[in-house]
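# Commentary on secondary and tertiary structure
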Amino acid sequence: MSDASDDGGSDDSPADCDRPDNVADAAVDRWPLYRLVAESGRENALFVVVGILGTGIAQVLATADMFVIGIAFDAMFNGQPYDLPLLPTGVVPGDEPARMLAFTVALLVGLKVADVSLAITGQYCWNLLAQRIQHAVRVDAFDTVQRLGMGFFDGQQTGDVMSVLNNDVNRLEEFLTNGPQMTVYATVVTISSFGYMALLNWRLALVAVALAPVVAVANWWFGRRHERRHDAVRAETGKLNAALETAISGVPVVKAYGGERHETDRVADRSRVHRGAIWRSHVTRSRHEPALRLLAGMAFLLTFVVGTQWVLDDRFWVLRGTLTAGELIPFLYYTQNLVGPMRVLARVTGFYKGAKAAAKRVVGIQQVEPPRETDGVELTDVAGRVEYDDVSFGYPGSEPRSGSENASGEGSDPRASDEQVISDVAIDVAPGETVGLVGATGAGKSTLTKLLLRFYDPDEGAVRLDGHDVRDVSLPSLRESIGYVAQDPFLFTGTVRENIAYGVSEDDRRESSNSASGETASSDERDATDEEVVAAAKQAGAHEFISSMEAGYDTEVGERGTKLSGGQRQRIALARVLLTDPPLLVLDEATSQVDNRTEVLIQRSLAEVTADRTTLVVAHRLSTVRDADQIVVLDDGEIEEVGTHDELVAREGAYADLWKVQVGEVGAD
Ligand SMILES: Nc1ncnc2c1ncn2[C@@H]1O[C@H](COP(=O)(O)OP(=O)(O)OP(=O)(O)O)[C@@H](O)[C@H]1O
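Residues numbered from 1 in each chain as written. Predicted model: local features only at pLDDT ≥ 70, side-chain atom pairs only at ≥ 80, totals over all residues. Heavy atoms only, no water.

Our focus in this paragraph is the overall build of the chain. For the chain, the helix and strand inventory stands at 20 helices and 10 strands. Each of the 669 residues in the chain was classed as buried or not, and the buried ones make up 47%. Considering only contacts in the chain between residues 6 or more positions apart, those separated by 24 or more positions represent 78%. Only carbon and sulfur atoms are counted for the fraction: they give 55% of the accessible area of the chain, which is about 32,700 Å². (Helix = DSSP H or I, 4+ residues; strand = E, 2+ residues; numbered from the N terminus. Buried < 20%, exposed > 50% of the residue type's maximum accessible area, 1.4 Å probe, protein only. Contact = heavy atoms within 4.5 Å. Areas by Shrake-Rupley, 256 points an atom, 1.4 Å probe, with all protein chains shown as cover.)

See below:
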């Protein structure tokens, strides 16, 4: 995946910035998890500190009990002094065993109460931290995704991107909830157990930890295996999601072609691969923990043998000095106590590697630089002059036509090897003009409009608006100047009213994103009034059918507008654009799905709207562009003819042929 250059207008190309093959391939960061937590977690530093202290001190106190019992045991039964570190001598009772016992019980109860209270506080902080970071990472990643150029979405499967925003981010939460406190627990229990052992007998303590280097190497080895396994699981989860998303969103086609069995088989194949990846991950996990416990068991046995011999013989090999039974019993307890951290170490390593694999994918998305949004010329009072200045363009990553060469005649430049979809197109649209773009399917009409909107940048030449290269114009300002109705308009789940008013609430949306980035928004935000919504719907020929629906403007349109017909969706999309009252209009087959009578009505009301604003109209139905000031006929990405309807008909060229076919003067062949 390539990062976008961000240092100049023409270098900051939405097409350049996003050619990822796979979200996971993008992460070049060595510490993706640290990067995410550090970026999102700075404001949560207090939770980290309290979490570490709470969990840490709780564990120190939890492991103190056996130490206290050992000292009390020797004091009560072996006549040793009742010497507890950190406690003033006056507090500790005298020689009477009953008083010593009462004091010991009170001390143990106090330790347990403090331990539990601190553990609960620590747990609370870790949970809160995990939730907050998960939320921040998800919102940040989503914000990045939706600001990426169209090239990113061309190269990604929606289900895979969804999987990053959902499954992978959840995986982070799982790690953050459990990982830090488990790590603190394991570290503190290990250190404090070792500390208590060293206080009891430092020589025997060294024996007990003799196998620590072996544990470290074994854990490192398992960690590497975990990482590979988790990388595969995360990638396969994304692919499975993509397969599910494609099958569900294509359900009408699947049903129409009776493809249910085929889709089930396809999902089953993906699920099988996914299951295999998960299984391999489980196998690694199921071997990891027992292996570490085995090593801990060996350490315990070693300590037991050495310690017992030492107590019996007053020495063991080079180990000399006194070792009492009262010292050995807590000592063995602490050695056994190390089994818990071993188990946790294995689990935390698994959690960490899983979260790291997920973080790589999240960071992979975050590393794709979105095109600059706020730099550049702010357009005000747009007159509407549009110029395509010898524009050539090929979609990033598309295959070159056979035999084609790039501009330099070399094949090594990946950009230049893209298939040219637009070649040397020059069009000059005066402010207020309406231009029709016509031509065979795949001729490049929609692509030309997308270059104006800067969904992509041209490879050669420039697209200008009011004399400004659109690459030098700030993206929000450019897109606010252009009302765009796409070929297959998208409606959001919600009511008809909400869908029509969507564009006018834009300022509100910008305000929230600006306030997130610390900027303040202008104060002229407003919502559309009901009258404005209805007026726009009337202009778009939508009012009649909306009013005939039971809930009128409050009708729910369903997901992506599935409860409406194609023509109804188009009219709502048209109304949405008209409501924003942009200086420029780009209508890409905006009325292709409405019937002829409705189209004529829409054309009449649109005539008023388009009279004094620049309008680009893409149409197959030539009656839609008949009254345009100029009609550009495209053929295979090149301009074939330009003129008014009458001029082109009189010229008897390609347009005239198309016109004759459409008015029925000649057959299609
Ligand atoms: N995102 C994309 N990635 C790669 N190639 C694309 C992409 N979108 C369009 N193309 C290709 O670019 C060429 C021009 O497509 P475009 O949509 O501009 O044609 P059009 O003239 O609008 O066609 P239609 O009338 O069918 O809508 C086609 O060959 C198409 O396959």
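On to the sheet that holds strand β3 (residues 434–439). If you walk across this open sheet you meet the six strands as β6-β7-β8-β3-β9-β10, and the pairing is mixed. Both edges of this open sheet fall to β6 (482–485) and β10 (638–643), since each of them pairs with a single strand only. The sheet shows a mean angle of 15° between the axes of neighbouring strands, direction not considered. For strand β7 (residues 584–588) and strand β8 (residues 614–618), the ladder comprises five bridges, and the chain directions are parallel. Paired with Leu 584 across the strands is Thr 614, a residue of β8. Contacts from helix α17 (residues 566–580) reach β6 and β7, with the element oriented near 175° to β6. (Pairing = 2+ DSSP bridges. Axes fitted to C-alpha atoms, helices over the stretch in contact; angles between N-to-C directions.)

Each pocket or cavity is described by its volume, and for the second largest pocket that value is around 510 Å³. What lines the second largest pocket is a set of 24 residues, and nearest its centre among them are Gln 603, Ala 607, Ser 623, Thr 624 and Asp 627. Sorting the residues of the lining of the second largest pocket by element identifies α18 (596–610) and β8 as the ones contributing at least two each. Classifying every residue of the lining of the second largest pocket gives nine nonpolar, nine polar and six charged. (1 Å grid on protein atoms, 1.4 Å probe; cavity = no way out; pocket = protein on both sides within 12 Å on 5 of 7 lines; lining within 4 Å. Points joined across faces, edges and corners; volume = space filled by probe spheres on them. Nonpolar A, V, L, I, M, F, W, Y, C, P; charged D, E, K, R; others polar.)

If you walk through the whole model with that rule in mind, you get one cavity of 30 Å³ or more. In this model, the largest cavity occupies a volume close to 50 Å³. Taken together, Glu 589, Ala 590, Thr 591, Ser 592, Glu 599, Val 618, Ala 619, Arg 621 and Thr 624 make up the full set of residues lining the largest cavity. For the lining of the largest cavity, the residue count by class is three nonpolar, three polar and three charged.

Right, let's get into the site of the ligand. Close contacts around the ligand come from 14 residues, with Thr 441, Lys 445, Thr 447, Gln 487 and His 620 the closest. Within the side chain of Tyr 395, a nitrogen or oxygen atom sits 3.5 Å from a nitrogen atom of the ligand. Here an oxygen atom of the ligand sits 2.7 Å away from a polar atom, N or O, in the side chain of His 620. Grouping the amino acids of the shell around the ligand by side-chain chemistry returns five nonpolar, seven polar and two charged. (Near = heavy atom within 4 Å. Polar contact = N/O pair within 3.5 Å; in protein donor to acceptor, adjacent residues only side chain to side chain.)

Our focus in this paragraph is the packing of helix α8 (residues 260–313) against helix α9 (residues 325–337). Between α8 and α9, the least distance of the axes is 10 Å, while the angle of their chain directions is 175°. Classed by the angle they form, the pair α8 and α9 counts as roughly antiparallel. When α8 is examined against α9, the residues Ala 299, Phe 300, Thr 303, Phe 304, Gly 307, Thr 308 and Val 311 are found in contact with a partner set consisting of Ala 325, Leu 328, Phe 331, Leu 332, Thr 335 and Gln 336. Grouping the constituent residues of the contact of α8 with α9 by class yields eight nonpolar, five polar and no charged. (Parallel < 35°, antiparallel > 145°, perpendicular 65-115°, else oblique.)

What follows covers the packing of aromatic side chains. Per the stated rule, a full pass over the model turns up 10 aromatic pairs. Ring geometry for Phe 393 versus Tyr 395: centroids 5.0 Å apart, planes at 75°, classification edge-to-face. Assessed through its relative accessible area of 0%, Phe 393 is described here as buried. Pairwise contacts between aromatic rings join Phe 393, Tyr 395 and Tyr 456 into one cluster. (Phe/Tyr/Trp six-rings, centres within 6.5 Å; stacked < 30°, edge-to-face > 60°.)

Here we take up the pattern of salt bridges. Here the structure, examined in full by the defined rule, presents 24 salt bridges. Between Arg 497 and Asp 530 there is a salt bridge whose closest N-O contact spans 2.9 Å. Pair noted here: Arg 497 is in helix α13 (residues 496–500) and Asp 530 is in helix α15 (residues 530–539), with a separation of 33 residues, a long-range link. For Asp 530, a relative accessible area of 42% puts it in the partly exposed group. Notably, a salt bridge pairs Asp 581 with Arg 613, separated by 2.9 Å at the nearest N-O pair. In this pair, Asp 581 is assigned in the loop between α17 and β7 and Arg 613 in the loop between α18 and β8, connecting sequence segments 32 residues apart. (Salt bridge = Lys/Arg side-chain N within 4 Å of Asp/Glu carboxyl O.)

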